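Summary of the model geometry
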Amino acid sequence: MTSSVALGWDRTVLELKMYSREKEAVFFSFLFPILMLTLFSVIFGSSIKGDPSNQAVHVNAARLFLPGMISAGVLLTSFQTMAMSVATERDDGTLKRLRSTPMPPVAYFLGKVGLVVLTSLAQTVVLLLVARVAFGVELPTAGSAWLTFLAVFFLGVFGGVVLGIAYSSIASARSVTAVVVGPMLVLQFISGVYFQFSQIPSWLQQVASVFPLKWIAQGMRSVFYPDSWRSMEMAGQWEIGCTALVLAAWAVLGLVLCLRTFRWFKRGTT
Amino acid sequence: MDDAITIRGLRKRYGDKQAVDGLDLDIQVGEVFAFLGPNGAGKTTTVEILEGFRTRDDGDVRVLGTDPGKANLAWRERIGIVLQTSGGLDLLTPREALASTAKVFAHPLPVDQVIADVGLQEKADNRISGLSGGQRRRLDVALGIIGRPEVLFLDEPTTGFDPEARREFWGLIEQLKGQGTTILLTTHYLDEAEHLADRVGVIAAGKLLALDTPANLGGRDTQEATVTWEEAGTRHTVRTNEPTAEVGRLSQRLAGEVPGLLVTRPSLEDTYLALIAPHLAADETAGERAA
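Please read these numbers as outputs of a predicted model, since none were measured by experiment.

1. Things to note about the overall build of chain B
Scanning chain B for helices and strands turns up nine helices and twelve strands. For chain B, the spread of C-alpha atoms along the three principal axes comes to 70 × 50 × 40 Å. When burial is assessed residue by residue, chain B has 48% of its 291 residues classed as buried. Taking all contacts inside chain B whose residues are at least 6 apart in sequence as the whole, residues at least 24 apart take part in 66%. Here chain B displays about 13000 Å² of accessible surface, and carbon together with sulfur accounts for 48% of that area. The averaged location of the 45 negative side-chain charges in chain B is 4 Å from the averaged location of its 32 positive side-chain charges.

2. Topic: the pairing of strand 5 (residues 79-82) of chain B
Residues and elements named next belong to chain B. Neither face of strand 5 is exposed, since Ile79 and Ile81 on one face and Gly80 and Val82 on the opposite face are all buried. As judged from the four bridges shared by strand 5 and strand 6 (residues 151-155), these two strands associate in the parallel manner. Its bridge partner lying in strand 6, isoleucine 81 is registered against phenylalanine 153.

3. A closer look at the packing of aromatic side chains
All names here are of chain A. Evaluation of the coordinates by the stated rule reveals 21 aromatic pairs over all chains. Judged by centre distance (5.1 Å) and plane angle (90°), the ring pair of phenylalanine 153 and phenylalanine 154 falls under edge-to-face. Ring geometry for phenylalanine 211 and tryptophan 250: centres 6.3 Å apart, planes at 25°, overall stacked. Here phenylalanine 211, found in the loop between helix 8 (202-210) and helix 9 (212-224), pairs with tryptophan 250, found in helix 10 (residues 240-261); they are 39 residues apart in sequence, far enough to count as distant. Classification of phenylalanine 211 by relative accessible area gives partly exposed; the value is 32%. One aromatic cluster is present, built from ring pairs that chain together Phe40, Phe44, Phe65, Phe189, Tyr194 and Phe195.

4. As for the sheet that holds strand 10 (residues 225-231) of chain B
Residue and element names in this part refer to chain B. What the three strands build is an open sheet, ordered 11-10-12; its pairing is antiparallel. The open sheet has two free edges, formed respectively by strand 11 (234-240) and strand 12 (262-264), since each of these has just one partner strand. If you compare each strand with its neighbour and ignore which way they point, the axes differ by 20° on average. In this structure, strand 10 lies alongside strand 12, joined through three bridges in antiparallel fashion. Bridging from a neighbouring strand, threonine 226 pairs with threonine 264 of strand 12. Against the sheet, helix 8 (residues 243-253) engages strand 10, strand 11 and strand 12, with an angle of about 15° to strand 10.

5. Section: the sheet that holds strand 8 (residues 199-204) of chain B
Residues and elements named next belong to chain B. What the six strands build is an open sheet, ordered 5-6-7-3-8-9; its pairing is mixed. The strands lining the two open edges of the sheet, one partner per strand, are strand 5 and strand 9 (207-212). Between one strand axis and the next, the sheet turns through 15° on average, direction left out of account. Across the sheet, helix 1 (residues 43-50) touches strand 3 (32-36), strand 6, strand 7 (182-187) and strand 8, and the angle it forms with strand 7 is around 150°. Each of strand 5 and strand 6 is contacted by helix 5 (residues 133-145), which is oriented at about 165° to strand 5, the strand it contacts most.

6. A few points about the domain arrangement of chain B
According to the domain assignment, chain B contains domain 1 (3-78 + 149-218 + 268-290) and domain 2 (224-264). Centre-to-centre separation of domain 1 of chain B and domain 2 of chain B, based on C-alpha positions: 39 Å.

7. A few points about the nonpolar core
With 153 residues, the main nonpolar core has A:Leu66, A:Met69, B:Ile5, B:Leu98, B:Phe153, B:Leu154 and B:Leu184 as its most contacted residues. For this core, the element with the most residues is helix 3 (residues 61-91) of chain A, which contributes 16 residues. The residues contacting B:Leu184, other than those within four sequence positions of it, are B:Ile5, B:Ile27, B:Phe33, B:Phe35, B:Val47, B:Leu50, B:Leu152, B:Phe153 and B:Leu154.

8. Considering the environment of B:Gln121
Residues and elements named next belong to chain B. Assignment of secondary structure puts glutamine 121 in the loop between helix 4 (111-117) and helix 5. Sequence separation of glutamine 121 and aspartate 58 is 63 residues, and the distance between their C-alpha atoms is 45 Å. Residue contacts for glutamine 121: discarding those within four places in its chain leaves Ile115 and Ala116.

9. What about the pairing of strand 2 (residues 17-28) of chain B?
All names here are of chain B. Where strand 1 (residues 3-14) and strand 2 come together, nine bridges link them in antiparallel fashion. Of the residues in strand 2, the one forming a bridge with lysine 12 is valine 20. The turn linking strand 1 back onto strand 2 is made up of two residues, and glycine 15 within it adopts a positive phi angle of 55°.

10. Remarks on helix 10 of chain A
All names here are of chain A. For helix 10, spanning 22 residues, the distance from its first C-alpha to its last is 31 Å, which sits close to the expected 32 Å at 1.5 Å a residue. Residues Thr243, Val246, Leu247, Ala251, Gly254 and Cys258 constitute the buried set of helix 10. For helix 10, the buried positions fall inside an angular range of 135° around the axis, keeping them on one side. Those residues of helix 10 that are exposed and angled more than 90 degrees off the buried face are Leu245, Val252, Leu259 and Arg260. Each element contacted by the buried residues of helix 10 is listed here: helix 6 (143-168) and helix 9.

11. Concerning the packing of helix 3 of chain A against helix 9 of chain A
Relative orientation and spacing of two packed helices are given, respectively, by the angle between their axes and the distance between those axes. All names here are of chain A. For the pair helix 3 and helix 9, the least separation of the axes is 9 Å and the interaxial angle reads 140°. Judged by the angle between their axes, helix 3 and helix 9 are oblique. Crossing geometry of helix 3 relative to helix 9 is assigned as right-handed. The residues of helix 9 that touch helix 3, namely those facing Arg63, Leu66, Pro67, Ile70, Ser71, Ala72, Val74 and Leu75, are Leu213, Ile216, Ala217, Met220, Arg221 and Phe224. Across the contact of helix 3 with helix 9, the residue classes break down as eleven nonpolar, one polar and two charged.

The rules we used
- Just so you know, the residues in each chain are numbered from 1, in the order the chain's sequence is written.
- Ligands are numbered from 1 and chains lettered from A, in the order in which they are written.
- For a predicted model such as this one, the threshold for reporting local features is a pLDDT of at least 70, and the threshold for listing and counting side-chain atom pairs is 80 or more; totals across whole chains, interfaces and linings nevertheless cover every residue.
- Hydrogens are left out, water is left out, and the side-chain values use all remaining heavy atoms of the structure.
- Numbering of helices and strands starts at the N terminus; helices are DSSP runs of H or I of at least 4 residues and strands are runs of E of at least 2.
- Any residue under 20% of the maximum accessible area for its type is buried, any over 50% is exposed, and the rest in between are partly exposed; the area is computed with a 1.4 Å probe on protein chains only.
- Residue contacts follow a heavy-atom distance rule, with two residues in contact if any of their heavy atoms lie within 4.5 Å.
- A 1.4 Å probe and the Shrake-Rupley method give the accessible areas. Residues count as covered only by the protein chains that appear here.
- In this tally Asp and Glu are treated as negative and Lys and Arg as positive; neither His nor the chain ends contributes.
- Charge positions come from single atoms, namely NZ of Lys, CZ of Arg, CG of Asp or CD of Glu.
- Pairs of strands are assigned from DSSP output, requiring at least two bridges between the strands.
- Stacked, tilted and edge-to-face are the three classes assigned to paired rings of Phe, Tyr and Trp, where Trp is represented by its six-membered ring and a pair needs centres within 6.5 Å; plane angles under 30 degrees give stacked, over 60 edge-to-face, the rest tilted.
- For helices, the axis comes from a line fit to the C-alpha atoms of the stretch in contact; other axes are also lines fit to C-alpha atoms, and the angle between any two N-to-C directions lies between 0 and 180 degrees.
- Residue ranges assigned to the domains are those given by an automatic or database domain assignment.
- Definition of nonpolar core: a set of buried residues of the types Ala, Val, Leu, Ile, Met, Phe, Trp, Tyr and Cys, connected through side-chain atoms within 4.5 Å.
- Every helix has an expected span of 1.5 Å times one less than the residues it contains.
- Note that the arc is computed from the directions linking the helix axis to the C-beta atoms.
- Roughly parallel refers to an angle under 35 degrees, roughly antiparallel to one over 145, roughly perpendicular to one between 65 and 115, and oblique to any angle outside these ranges.
- By convention the crossing between two helices is left-handed if the near helix lies anticlockwise of the far one by an angle smaller than a right angle, and right-handed if it lies clockwise.
- Nonpolar residues are Ala, Val, Leu, Ile, Met, Phe, Trp, Tyr, Cys and Pro. Charged residues are Asp, Glu, Lys and Arg, and all others, Gly as well, are polar.

As structure tokens, this is what we get:
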């Protein structure tokens, strides 16, 4: 067991090396949300008001987009990275090669989890720094807000990892970019990452509510938005308990799917 | 127990194609054994069953006394596998790839030693994406041997090599053999089998057609030899069971050195082609799948 953890850490270091050397991955999953937050903040500046009924509390664009960008980042670095890398590694024989050694399988997954946790933490810290330092966003001071933040963050990351691994089974190395990036873009648009969720038609809100990204974004809004903005949510509440439940359910479902569908070899080769 | 690998009545079917059809084979500890056969003959399927990567339909298989279908990680400690392709390493250096692989074995060889053994010292800290095909294949072998395997599987190790790279690679395999490693290799190249293997098995349509040393395969050693020479401006050819006596008579008659003298036996290639000829037509359609 200890050796599995040690090997898992070793895999984490190796995964980080490979990740950091893959320029496209670094750009599209790590830097992208940071770039988007900066762009939106510069373009819209302080001209964005909240809901007309809430004119009392103004926020600038950076604060408006911060929760969405953190949420998108969580899903990009966990789900997207995982789905794409596992599908590619299955097709190019990496998984088969690992399977041909006495490496405990759990070390492989620990390495992936390590990679995702470290990259998404780093990404989120950079997002918070950019928002605070460059655009003067007031970050919450209450301990309870940061507790919510951590719960949503880690449930989101864990769910993203296991769902990503499970999702990798339906893609091949050739199709994986389209199969992963397409649905991810749609999900980001309908889950209130790029638009204010309250501006999305309610039937689309219902669709988005099935998927975890909407709940991650809502949880993050509860942390970074003025408390009075809760009235703009679907339920008129932040629904923190419900958010945790939905994310936990997705995480469990992802874990079960991942365990039941994971394959070390390309389809049709056993 | 002197057998590293035993196979009894091995069968594997894909759809309506019998890829392996009742194979029996024993490979001794320390032996270098080569599987020869056309594409789709069942070589790779057999090897992958021995590696524990494929299920079998019937038969008994033991590698180091263990059924590969039920093998655990302790068994994997003793096995080395050089895959046909090993992708996914492009972003690392050979040293990084070898060091991380070494960590999963209990008693690995020193990374520097393995790098030197396969002749990759000068490329050890370059990205793997920049290696040539031959260098990459040597890295594959390095990854296969770093755990000090007792049995090494080599699947078509020199496909795509230039002749010089192939010679170097043979040297590496001979070195491993010298250390007592049991090696099972599959190859398309007859000269490779002849050079490296203690015994070769010719396989086609899932059946073992012949099993012998390269020199004796298919009765090569006892078949008629061909003696040719130059005399009075023309080339003469005699087929004989007694080439030595024939050369003696020639030497006497021509008073010394016989011009252009050649004594040949059927090459391994001739023997191999004669063996598989009846199976080639039947194999062609079903060939692609197991290849």
